[in-house]
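# Inside the fold
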Amino acid sequence: MLSEKEFYLYVEKNILKYLPEMEDQKVMVQRVKKNNQVSMMGLSIGEQKNYLLPVLYLEPFYRNHLRGQTIEETMREIASVYQGHQVGFYLDEDKVSDYEYIKKNLFYRVINYEKNKELLKYTPHERFLDLAVTYRWAAYRNHDGMASALVRNKELLMWGISKDQMMKDARENTEKIFPPVMRKIQSVLPIHIIEEEIPLFVMSNGDYMNGASVILYKDVLRDFAKYMEHDLYILPSSIHEVIILLDNEYAKAPEELARMVRETNRIVVDREEILSDHVYYYDREKDEIRIAK
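Below is a summary of the structure that appears in this document. (Residues numbered from 1 in each chain as written. Predicted model: local features only at pLDDT ≥ 70, side-chain atom pairs only at ≥ 80, totals over all residues. Heavy atoms only, no water.)

Time to look at the environment of Leu-66. Its place among the elements puts Leu-66 in helix 2 (residues 59-66). The exposure class assigned to Leu-66 is partly exposed, which follows from its relative accessible area of 45%. A C-alpha to C-alpha distance of 8.3 Å links Leu-66 and Leu-2, two positions 64 residues apart in sequence. (Helix = DSSP H or I, 4+ residues; strand = E, 2+ residues; numbered from the N terminus. Buried < 20%, exposed > 50% of the residue type's maximum accessible area, 1.4 Å probe, protein only.)

Quick look at the structure:
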């Protein structure tokens, strides 16, 4: 049984034996920083210059090895999964430095402020309640998924653009690139695990990727609250979506809702996808979101 460090070194040195068609490529196993200060060991194969490479995270495979899977079985599994996700994307260096090209692909997303303080030191952002609004640009997007890059302060210098202008452009773009989606929760989760009479809604974007940002879209909450004739509780189920609960006779006390969110974050949601332990409240009269108390 290999130790974790030995396992990652073994994968880096030997994975090409299981991928003969890639035998001349460069292999990298390195720590990748993700949201909420989570880092994982990622495998990528190929030349990185001007190219976005697929990254396969290795922790799940190491856990399989710890459960008794032989190293041969584990390596074959890694090779099989990597081949299934082997989609790279060429990046034209001139486009990366061209703000007119980048501007059309800018968008924002919301993340937890406290859990990402280190990241935010070198990243243009705005504070919103206990969240931070950060900015990214989509380098690649199709039906299989999306690759995007975080906008850092050094990119603003390279582009010769101000923080305010970049944020303005991203705000104008985001709703066009990722239009909002509101669905009854029964259409998303099995009905037998839901109290069907409680009117719950899942709000995200069409990609269900970084969809919690929809809470900042212009007029989305206002129009929905007006149509339903109720103020709204917003439960942050992850960075990808939120759950909307009408403030009516079915709504539990804010403290109970917050307890449910905290338990879900601890038990169900991946650490890097946690948005907040707080519940938010949308006041339709004030057109305002606040932390529910």
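So that's the structure; there's more coming.
Our focus in this paragraph is the environment of Leu-43. If you trace the backbone, Leu-43 turns up in strand 2 (residues 39-45). Since its relative accessible area comes to 0%, Leu-43 is described here as buried. Setting aside chain neighbours within four positions, we find Leu-43 in contact with Val-11, Ile-15, Val-27, Met-28, Val-29, Pro-54, Val-55, Leu-56, Leu-58, Ile-78 and Tyr-82. (Contact = heavy atoms within 4.5 Å.)

Attention now goes to the sheet that holds strand 4 (residues 56-57). Two modes of strand pairing occur in sheets, parallel and antiparallel, and in both the strands are linked by backbone hydrogen bonds. The strand order across the open sheet built from three strands is 1-2-4, with neighbouring strands paired in antiparallel fashion. The sheet terminates laterally at strand 1 (27-33) and strand 4, the two strands that pair on one side only. Bridge count between strand 1 and strand 2: seven bridges; the pairing is antiparallel. Bridge assignment links Val-27 to a residue of strand 2, and that residue is Ile-45. Packed onto the sheet, helix 1 (residues 4-14) meets strand 1 and strand 2 and runs at close to 140° relative to strand 1. (Pairing = 2+ DSSP bridges. Axes fitted to C-alpha atoms, helices over the stretch in contact; angles between N-to-C directions.)

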